[in-house]
Each structure stands twice: as structure tokens, then as C-alpha cells.
Amino acid sequence: MVLIFAIMKLKPSIYLAGPMEGCTIQSMTEWRETAAEFLTENGGQVHLLDPCRREPFHNGDSDNTARLLFRADLKDINNSELGLANVRHSAGRGSGTSM
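Cut-offs applied
Residues numbered from 1 in each chain as written. Predicted model: local features only at pLDDT ≥ 70, side-chain atom pairs only at ≥ 80, totals over all residues. Heavy atoms only, no water. Patch = residues over 30% accessible without salt bridge, like charges linked within 9 Å, V, L, I, M, F, W, Y side chains within 5 Å. Areas by Shrake-Rupley, 256 points an atom, 1.4 Å probe, with all protein chains shown as cover. Salt bridge = Lys/Arg side-chain N within 4 Å of Asp/Glu carboxyl O. Helix = DSSP H or I, 4+ residues; strand = E, 2+ residues; numbered from the N terminus. Buried < 20%, exposed > 50% of the residue type's maximum accessible area, 1.4 Å probe, protein only.

Caption draft 1: Region of interest: a nonpolar patch on the surface. Together, Phe70, Leu74 and Ile77 line one region of the surface with nonpolar side chains, adding up to about 270 Å² of accessible area. With respect to the secondary-structure elements, leucine 74 resides in helix 3 (residues 63-78). Residue class for leucine 74 comes out partly exposed when judged on its relative accessible area of 43%.

Here's what the structure looks like:
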């Protein structure tokens, strides 16, 4: 576990913020995948923090689930050196974490 943390800190961390609530899986992930390809092409050394990795939990309706997701997002943001936000309102409700 310590080794993983050390490796992650050698690369800048980028949090991929954007709408998720009310979005299809495709609209949540497509722009993030494109950004990941762009940021890592030609040997780009970055660690991407993608909230879509928790996507299965977004189907939960409870307030407890929402609080847990919010805390996990805040932890990712705190562990990031940079945030990349999709603020286009093409899908979903609101702008997600980028608000």
C-alpha cells in the first residue's frame, strides 16, 4: 500500500470532474476517456482520478450513499494537483463536482 502511494505521488494527479447524476454511462465516461487518451498520449505521466470508477454506487438512492460518494469525491479532489472539469451542459443534471 505504501509503495502504491509513493508511485502515485511521482505523477501529478488530475481529478476528472463533470456531470454524472442523470447521465448515461456513455455520457459520463466518453469525455473522460478522450481526456485520458489526450493526457497520456506520447508518454504523458499523470495519475487520473476518475469518479466513474465508483459508477455502480451512483445507482443507490439513499442519502447515505450520496454522502459516501461526496466524501470520496472530496478525498480525490484533495489528493489532486489539478482538476479538469467538463462544464458543458449536454447531459445530466448540474455540473457534478465541478460546481
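Caption draft 2: Fine view of the pattern of salt bridges. One pass over the full model with this rule turns up four salt bridges. The salt bridge partner of aspartate 50 is arginine 32, with a shortest N-O separation of 3.4 Å. Taken together, the residues aspartate 50 in the loop between strand 2 (47-49) and helix 3 and arginine 32 in helix 2 (residues 25-40) connect sequence positions 18 residues apart. Using a relative accessible area of 23% as the deciding quantity, one classes aspartate 50 as partly exposed. Judged by relative accessible area, which is 1%, arginine 32 ranks as buried. Close ionic contact of aspartate 73 with arginine 54 constitutes a salt bridge, the shortest N to O distance being 2.5 Å. You can see aspartate 73 sitting in helix 3 and its partner arginine 54 sitting in the loop between strand 2 and helix 3, a full 19 residues away along the chain. A relative accessible area of 12% means that arginine 54 is categorised as buried. Among the ionic contacts, a cluster of salt bridges with common partners joins Arg53, Arg54, Asp73 and Asp76.

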